[in-house]
Amino acid sequence: MLLTGRLMLRSLSLASSPSTPTLQEIASNHPAGVAKVVLKKGKTQLFKDGSPMVYSGAVDRVIGRPPPTTGDIVLVADGTEKPIGWGFYNSTSMFRVRLMQQEEETAQNPSCALNAEKLLETRIAAAVKLRENLGLPSTHTNAYRLVNSEGDRLDGLCSMNQLEIIEKIQINENNLRGVCEAMKESSKGVGGGKGKSKLIFTGFTKISKDMTYMFVLKLGWET
């Protein structure tokens, strides 16, 4: 009964906001254009249920000219070509798309739709706020995960406070700087130690031909 009530409220909320643009409409107005990865019949529900990794065997076809390259933002669509979400494309991995946001979420927060930097900043800020609400760090715990991958809806990104972070990701260079800036901005003022923590971006290095980057972030204490 409670679940039915929540579904009805969500439906009413979405229905009462006819001016909210759909993901397809946002993509249509994207200056660079956005390719579409269409799923095979029967594969859609798995990703609607929350699985973030679209494996190659679930992909029926890719629509877009020129075709997307590794690190590009793409739409993920069902067999009728209706978008169900968006994410980062990888042409060489068995996981073709890393889903970042579902269609339903874009209706609730259109500002993050197809905007990697804004989405990452929002989720990292939420992760930091969660740790603050849990009283971290504390007199009992001074080491913890500032970002915990899928647990914070940031699949593939994991970082510890007070430790050097070395992360391998597949993303294009323009978005990479946005990721680093989002991490720095969202981590300002996190309490800990004798002062405040800050995230110091020390650079990134390309390590392969498929747009994979290794970047190093260091979290230290302000004096």
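Residues numbered from 1 in each chain as written. Predicted model: local features only at pLDDT ≥ 70, side-chain atom pairs only at ≥ 80, totals over all residues. Heavy atoms only, no water.

**Structural notes on unusual backbone geometry**
Quick note on the threshold: Here a helix means four or more residues in a row that DSSP labels H or I, a strand means two or more in a row labelled E, and each is numbered from the N terminus. Throughout, exposure labels follow a simple rule: accessible area from a 1.4 Å probe, protein chains only, divided by the maximum for the residue type, with under 20% read as buried, over 50% as exposed, and the rest as partly exposed.
With an omega dihedral of 0 degrees, the bond running from R65 to P66 counts as a cis peptide bond. Of note in this structure, S149 is not a glycine but carries a positive phi near 45 degrees. Mapped onto the elements of the fold, S149 is located in the loop between β7 (145-148) and β8 (158-160). Assessed through its relative accessible area of 12%, S149 is described here as buried. Despite not being glycine, R153 shows a phi value in the positive range, around 60 degrees.

**Observations regarding the confidence of the model for the protein chain**
Short version of the rule: A score from 0 to 100, pLDDT tells how confident the predictor is in each residue. Residue contacts follow a heavy-atom distance rule, with two residues in contact if any of their heavy atoms lie within 4.5 Å.
Per-residue confidence for the protein chain gives a mean pLDDT of 75, with 61% of residues at or over 70. This stretch, residues 12-17, has a pLDDT under 50; its non-local contacts, to residues over four places away or in other chains, come to one contact.

**Side note on the sheet that holds strand β4 (residues 73-77)**
This is how it is decided: For two strands to count as paired, DSSP must find a minimum of two bridges between them. Only C-alpha atoms enter the line fits that serve as axes; for helices the fit covers just the stretch in contact. Angles between N-to-C directions range over 0 to 180 degrees.
The strand order across the open sheet built from six strands is β2-β6-β5-β4-β1-β3, with neighbouring strands paired in mixed fashion. A strand with exactly one partner marks an edge of an open sheet, and here the two such strands are β2 (53-55) and β3 (59-63). Between one strand axis and the next, the sheet turns through 35 degrees on average, direction left out of account. Across three bridges, the pairing between β2 and strand β6 (residues 95-102) is antiparallel. The partner of M53 across the bridge, within β6, is R98.

**Describing the packing of aromatic side chains**
How we decide: Paired rings are identified among Phe, Tyr and Trp, the last through its six-membered ring, by centres lying within 6.5 Å, and are further divided according to the angle between planes into stacked (under 30 degrees), edge-to-face (over 60) and tilted (the rest).
Going through the model one piece at a time under the given rule, you end up with two aromatic pairs. Taking the centre distance of 6.0 Å and the plane angle of 50 degrees together, the rings of F47 and Y55 count as tilted. Of the residues examined, Y55 reaches a relative accessible area of 27% and is grouped as partly exposed. Residues W86 and F88 carry aromatic rings whose centres are separated by 6.5 Å and whose planes lie at 85 degrees to one another, so their mutual orientation is edge-to-face.

**Observations concerning the environment of E103**
Inspection of the secondary structure puts E103 in helix α4 (residues 103-108). Sequence-wise, E103 and K82 are 21 residues apart; in three dimensions their C-alpha atoms are separated by 9.7 Å. Each residue touching E103, except ones within four places of it in the same chain, is listed here: T22, L23, K82, P83, I84 and G85.

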